[in-house]
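# Fold and contact review
Listed below, chain by chain, are the residues.
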Amino acid sequence: MQPRVFSAAALLTLLLVNFAWAEEPSLVGRVQDYVHHMAQTAKEALTNVQESQAAQKARGWVSYGFDNFHGYLSLFKDKFSDLWDQTPVPSAPPTTAPLQDNSK
């Protein structure tokens, strides 16, 4: 059931309950039975949607997408891990220019 349909059914049920309490007591029992039946039907509908083939396919697609993403991330990490793992090569100490003899 879509949320709108479920909300409309709940609203109608509440209106019926309100009307039933204003009327005769036997009607209240029938409305309560109806509400219980509608709640059970809603539970069954949600269970069916969760177990449906479309839901199973969607879960499979999502799982496949995450597996592919994990694979790409691992590949990226493997390719660039050499850059991250390298230790810097120590540079040669700075050389000083020889002093010039200005005594000439």
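What counts, and at which threshold
- Residues numbered from 1 in each chain as written.
- Predicted model: local features only at pLDDT ≥ 70, side-chain atom pairs only at ≥ 80, totals over all residues.
- Heavy atoms only, no water.
- Helix = DSSP H or I, 4+ residues; strand = E, 2+ residues; numbered from the N terminus.
- Buried < 20%, exposed > 50% of the residue type's maximum accessible area, 1.4 Å probe, protein only.
- Areas by Shrake-Rupley, 256 points an atom, 1.4 Å probe, with all protein chains shown as cover.
- Contact = heavy atoms within 4.5 Å.
- Polar contact = N/O pair within 3.5 Å; in protein donor to acceptor, adjacent residues only side chain to side chain.
- pLDDT = per-residue confidence, 0-100.

The helix and strand tally for the chain stands at 3 helices and 0 strands. Order of helices (α) and strands (β) in the chain, N terminus to C terminus: α-α-α. Among the 104 residues that make up the chain, the fraction classed as buried is 8%. Here the chain displays about 9,800 Å² of accessible surface, and carbon together with sulfur accounts for 63% of that area.

A word on the environment of Val28. Locating Val28 in the fold gives a position in helix H2 (residues 25-51). You can call Val28 buried: its relative accessible area is 14%. Taking the C-alpha atoms as reference, Val28 lies 6.8 Å from Val17; in sequence the two are 11 residues apart.

Mapped onto the elements of the fold, Thr13 is located in helix H1 (residues 3-22). Given a relative accessible area of 10%, Thr13 falls into the buried group. Those residues in contact with Thr13 that sit more than four places away from it in its chain are Tyr34 and Val35.

Quick look at the environment of Thr47 now. Examined against the element boundaries, Thr47 turns out to sit in helix H2. Of the residues examined, Thr47 reaches a relative accessible area of 35% and is grouped as partly exposed. A polar contact is formed between the side chain of Thr47 and the backbone oxygen of Lys43, at a distance of 2.9 Å.

On to the confidence of the model for the chain. Averaged over all residues, the pLDDT of the chain is 76; the fraction at 70 or higher stands at 71%. The least confident element of the chain, judged by mean pLDDT, is H1 at 73; the most confident is H2 at 83.

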